[in-house]
Amino acid sequence: MNWESLATTTELAEGQLLICTTSAGDEVLLTRLQGAVHAVENACSHDGRSFEGGCIEGDGLLVCPRHGARFCLRTGKALTPPAYTDLETYSVKEEEGRIFIQPLD
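- For the protein, the name recorded in an unreviewed UniProt entry is Rieske (2Fe-2S) protein, with Marinospirillum alkalitolerans as its organism.
- Comment text from UniProt for the protein, heading Sequence similarities (unreviewed entry), reads "Belongs to the bacterial ring-hydroxylating dioxygenase ferredoxin component family."

## Here's the deal with the sheet that holds strand β1 (residues 4-8)
Alright, step 1. With respect to topology, three strands assemble into an open sheet ordered β1-β10-β9, the strand pairing being antiparallel. At either end of the open sheet lies a strand with only one pairing partner, and these are β1 and β9 (92-95). Within the sheet, the average angular offset between the axes of one strand and its neighbour, ignoring direction, is 30 degrees.
Alright, step 2. Of the strand pairs in this sheet, β9 and strand β10 (residues 98-101) are connected by four bridges, and their pairing is antiparallel. Along β10, the bridge assignment pairs E94 with I99.

## Regarding the sheet that holds strand β7 (residues 70-72)
Alright, step 1. Taken together, the three strands give an open sheet; going across it, the order is β5-β6-β7, and neighbouring strands pair in antiparallel fashion. Both outer strands of the open sheet, β5 (55-57) and β7, are each paired with one neighbouring strand and no more. If you compare each strand with its neighbour and ignore which way they point, the axes differ by 35 degrees on average.
Alright, step 2. Here strand β6 (residues 61-63) pairs with β7 via three bridges, running antiparallel. Bridge pairing links L61 to C72 in β7.

## Focus on the state of the cysteines
Alright, step 1. By the definition in use, this model includes zero disulfides.
Alright, step 2. Free of any disulfide, C55 has its nearest neighbouring cysteine sulfur in C64, separated by 10 Å.
Alright, step 3. The thiol of C64 is unpaired, and the distance to the nearest cysteine sulfur, on C44, comes to 3.9 Å.

## Digging into the nonpolar core
A general tendency of soluble globular proteins is for nonpolar side chains to be buried together.
Alright, step 1. In terms of nonpolar packing, the biggest core is built from 13 residues, with L29, V40, F51, L62, F71, L73 and L87 touching the most fellow members.
Alright, step 2. Within the second largest apolar cluster, 12 residues are counted, among which are A7, A39, I99 and I101.

## Concerning the side chain of T31
Alright, step 1. Tracing the sequence through the fold places T31 in strand β3 (residues 27-33).
Alright, step 2. Engagement of the side chain of T31 in a polar contact is seen with the backbone oxygen of Q16, the distance being 2.8 Å.
Alright, step 3. Non-local contacts of T31, meaning those with residues more than four positions away in its chain, are made with L12, G15, Q16, L17, A36, V37, H38, I56 and L73.

## A few points about the UniProt feature "domain: Rieske" (unreviewed entry) in the protein
Alright, step 1. Residues annotated in UniProt with the feature "domain: Rieske" (unreviewed entry) correspond here to residues 4-101.
Alright, step 2. When the span residues 4-101 is considered, its composition is 0% helix and 43% strand, and the gap between its end C-alpha atoms is 5 Å.

Thresholds, definitions, all that
Residues numbered from 1 in each chain as written. Predicted model: local features only at pLDDT ≥ 70, side-chain atom pairs only at ≥ 80, totals over all residues. Heavy atoms only, no water. UniProt positions renumbered as here; feature names shortened; annotations may be inferred. Pairing = 2+ DSSP bridges. Helix = DSSP H or I, 4+ residues; strand = E, 2+ residues; numbered from the N terminus. Axes fitted to C-alpha atoms, helices over the stretch in contact; angles between N-to-C directions. Disulfide = S-S within 2.5 Å. Core = buried A, V, L, I, M, F, W, Y, C linked by side-chain atoms within 4.5 Å. Buried < 20%, exposed > 50% of the residue type's maximum accessible area, 1.4 Å probe, protein only. Polar contact = N/O pair within 3.5 Å; in protein donor to acceptor, adjacent residues only side chain to side chain. Contact = heavy atoms within 4.5 Å.

Okay, structure coming up:
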């Protein structure tokens, strides 16, 4: 599979949420947790809207800014209502100062 560059490593600080768009037009949410970068689709499975304005709680819980649904940033698993469907996750690597993901099929 091809890897797609979405950001530089300096654009993503620990605990920060960074929304990027793939060449196919899909929005991806990047975050750095304990030094590792994680990537999930940027659409809450409850209402399909962006996580912009959301936050990270505890040890990697993504909180939706509208209804408080929580997701595991490492696995995409939906953990609390009103979301019951998991988020898509992306494989991520860092190379030569860039963050790459493998786009979904």
